[in-house]
Structure formats: C-alpha cells, structure tokens
Amino acid sequence: MGKYSAVKIRKDANSLIVFDLISERPYSGEELASRVGLTRKAVWKMIKKFREYGIVVEADKRSGYRIVRKPKLNPFDVAAIAFKNLRELVDEVWYYKMVDSTNDAAKRHRKPSILFFAEVQTSGRGRLGRTWSSGPGGLYFTITLQPKIGLEEVPKITLLTGLSVAKAVNGKIKWPNDVLIENKKVCGILCEVQGEMERPLVIIGVGINVENELPRDLEGAGRLVDFSNYDVISVFNSVLKNFYEHYLKFERGEWEHLRKEIIELCSTIGKNVRIQLPSGKIEGFATDISKEGALVVDGKKIFAGDCIHLR
C-alpha cells in the first residue's frame, strides 16, 4: 500500500470544517481553533496541508486565513461532495493524485463504506482485464458497500450505477456496464466482489471520460466535453446524487421501478446483438432486461458477457 500515497478524510474530519469555513470568509487562527476545539498549532498544520495540495490560503494578520484559489480537483472538495451526496453510505474518502486503479486500492483495503478517488490511474481497467485509459481530466472513483444481498444480485448494482451515470450525462446504457453518448463509449463500470457469498463486499468502480485525452487508436470511445460543457466535479456530484437515490430504492426493494428506468435508457434493447460467453457466442435480438437483471435475447436470459451491437 505504500507505493501510492493518499489523503484519507473521515466524515467527521476537522479539516473539512476548517476548509469550509475559510472558503466563505477569513477566520483568525484563534477563531478556527475555538470552532473546531483544537490548538492554533493544529490549525496551522491544516493550513499547511491545504497548501501542499495547491490550495492558496491567504494569511492576513488582521483578518486571518482565507482560501483565495484552489485546484479544480482537491481532496477536500471531493470529500465534501461524497459525504453530502452519499450520506450514510460512505464514512471515509481516500484521495489519490495517482494510483494503479481505484478498484485495486479498494481490494487492498477490504472495507465497506469508503470512496476511493484518483486524478490519474496507471492501470485502469474494465471488464475482462481490458485497459481503461485514465489520464488527467477524467473521473475515476470506486465505492465499497456491503449490502444485504447475495452474489446473484450484484449485476443489478452494475445496472443501477449505469442508470446513475446515464441520467447525469444524458447518455444511454449499453448492457451490461457501459454508458454511451451518440454511440460513443464515455463510461465503463466494473463491479467486483470480495468476501462471503451470502454478504459480499461489493466494489463499484466507475471511469468516465470527461476532458481527458484518449489514445488515437482507441475506437468507439468519446469524451463528455465533445458533446457538451462538462467538468469532472459537476459530473461527480450528479452521478453520486443519482446513485444514492437509486441505491436506496434498490435497498427498499423497488428494483422493478429501477428496471423500468433502465429499460427506457438501454440502447441494447431492440438491437441485434452478439454476446461473447466463456462457452461460445450467442447472436439474436435483445428484447428486455429481466427481473433478475439479465439481458433477454430471443427468450434466453444472459447474466454476463461481452455485448456487441450488430448493424
């Protein structure tokens, strides 16, 4: 774990309170220390930590500390968005400037209720071990949860995550784990599991091309900025807001409502498809998403596979 360093922020972190306060107006060190119940030396250490992440904190002897400029991406804004939107689902945020992949970081920690966020992934990947280009300007994060479900229901979480992204970016879901805009893949979702079959740790990885550069030889991919005016933080906020709403419906047993929304936004329905399975391939006409979350092709339920839309 030592190869990649992260800022770890808990929901009740004093640094989040200080960051929020001095984003609004100047506060003296004494005022801040009193508000958060710390020493002035501890407050100074927080200010120093902010500056290490490119946050410009003005220090005026009369008025105090105030944030005057900050990078588009920084640990404290990301944590605030995560805690605001995901509420009780997440207790910690781990923020990496660079990591192999946020899913791999999650698997190393093996704990629920954490959001892992990275500015860059060196080994981002999708299904079947495919590489996911993860340069600066993209959105890469993973949420770890431990819902009261069995392994057979995990594909539903992949689909509701796709719904969350599709609604945030006005896209379409391509079964089982992609989001498209004008037939260009802008998002991939990788759900993995650890632990016991009866109550697995579900690791939900999301990669979205926002304004990151894409390899020239990468066919079929697109970026959000090629279609509209998007930025990483606004997309992150919208996706998490949608995810919380959809996940709570799922936990309340409202899968049927979610399934109807997924079907409405699923570009795979009504197309001739080829599904590559470990045992071979199936070609046919996709008509539905079943109540179990399977793609229905010529009456057959397919729970996982590599899906190609045929012309």
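The numbers attached to residues start from 1 for each chain and follow its sequence in the written order. Where local features are concerned, this predicted model is filtered to residues with pLDDT of at least 70; where side-chain atom pairs are given and counted, the filter is 80 or more; whole-chain, interface and lining totals use all residues. Computation of side-chain values: all heavy atoms of the structure, hydrogens and water removed.

## Thoughts on the packing of aromatic side chains
Where we set the bar: Pairing of aromatic rings covers Phe, Tyr and the six-membered ring of Trp, with a centre-to-centre limit of 6.5 Å; geometry is then stacked below 30 degrees between planes, edge-to-face above 60, and tilted otherwise. Secondary structure counts use DSSP, requiring at least four H or I residues in a row for a helix and at least two E residues in a row for a strand, with both numbered from the N terminus. Relative accessible area decides the class of each residue, using a 1.4 Å probe on protein chains only: under 20% of the type maximum gives buried, over 50% gives exposed, and in between gives partly exposed. Criterion for a charge above a ring: Lys NZ or Arg CZ within 6 Å of the ring centre, and within 35 degrees of the ring normal.
Summed over all chains, the structure comprises ten aromatic pairs. Centre to centre, the rings of Tyr95 and Phe117 are 5.3 Å apart; their planes meet at 10 degrees, and the pair counts as stacked. With a gap of 22 residues between them, Tyr95 in strand S4 (residues 92-99) and Phe117 in strand S5 (residues 114-121) connect regions that are remote in the sequence. Judged by relative accessible area, which is 0%, Tyr95 ranks as buried. Ring centres 5.6 Å apart and planes at 15 degrees place the aromatic pair Phe243 and Tyr247 in the stacked group. Here Tyr247 and Phe243 lie together in helix H7 (residues 232-251), a separation of four residues that amounts to about one turn. Among the aromatic residues, ring-to-ring pairing joins Tyr95, Phe117, Phe141 and Phe236 into one connected group. Above the plane of the ring of Tyr27 lies Arg25, whose end atom (NZ or CZ) is 3.8 Å from the centre.

## Considering helix H1 (residues 14-24)
Rules: It only takes one pair of heavy atoms within 4.5 Å for two residues to be counted as in contact.
Considered for burial, the residues of H1 that qualify are Ser15, Leu16, Val18, Phe19, Leu21 and Ile22. Turning to H1, the residues buried within the fold contact strand S1 (6-10), helix H2 (29-36), helix H3 (40-52), strand S2 (56-60), strand S3 (64-69) and helix H4 (75-86).

## Some points on a nonpolar patch on the surface
For clarity, the cut-off: Exposure above 30% relative accessible area and no salt bridge define the residues that can form patches, which grow by joining like charges within 9 Å and nonpolar side chains of Val, Leu, Ile, Met, Phe, Trp and Tyr within 5 Å. All accessible-area figures derive from a Shrake-Rupley calculation using a 1.4 Å probe, and residue coverage is judged against the displayed protein chains alone. Note on definitions: salt bridges are taken to be side-chain nitrogens of Lys or Arg within 4 Å of carboxyl oxygens of Asp or Glu.
A cluster of nonpolar side chains, Leu151, Val193 and Met197, forms an exposed patch at the surface whose accessible area comes to about 260 Å². Mapped onto the fold, Val193 is located in strand S9 (residues 184-194). Overall, the relative accessible area of 37% leaves Val193 in the partly exposed class.

## Quick look at the pattern of salt bridges
Within this structure, the stated rule accounts for 22 salt bridges. One salt bridge in this structure joins Glu92 and Arg10, with 2.9 Å as the shortest N-O distance. You can see Glu92 sitting in strand S4 and its partner Arg10 sitting in strand S1, a full 82 residues away along the chain. Given the relative accessible area of 6%, Glu92 is considered buried. Taken together, the shared-partner salt bridges in this structure form one network comprising Arg10, Asp12, Glu92 and Lys111.

## Some points on the pairing of S2
As a reminder of what qualifies: By definition, two strands form a pair when at least two bridges between them are found by DSSP.
As judged from the five bridges shared by S2 and S3, these two strands associate in the antiparallel manner. Note that in S3 the partner of Glu58 across the bridge is Arg66.

## Points about the nonpolar core
Stated formally: Buried Ala, Val, Leu, Ile, Met, Phe, Trp, Tyr and Cys residues form a nonpolar core when they are joined through side-chain atoms within 4.5 Å.
One finds Ile22, Phe50, Leu115, Phe117, Phe141 and Ile208 to be the most contacted residues of the largest nonpolar core, which totals 87 residues. Per-element accounting of this core gives the leading share, ten residues, to H7.

## Looking at the side chain of Arg223
Rules: Residues adjacent in sequence count toward polar contacts only when both atoms are side-chain atoms; beyond that, a polar contact is any pair of N or O atoms within 3.5 Å, and within protein one must be able to donate a hydrogen and the other to accept it.
By the secondary structure assignment, Arg223 is in the loop between strand S10 (201-208) and H7. Within polar-contact distance, the side chain of Arg223 engages the side chain of Asp226 at 3.0 Å. Once residues within four sequence positions are removed from consideration, Arg223 is found in contact with Val186, Asn209, Val210, Glu211, Asn212, Glu213 and Leu214.

## Description of the environment of Asn229
Among the structural elements, Asn229 can be located in the loop between S10 and H7. Separated by 137 residues in the primary sequence, Asn229 and Glu92 have C-alpha atoms spaced 30 Å apart.

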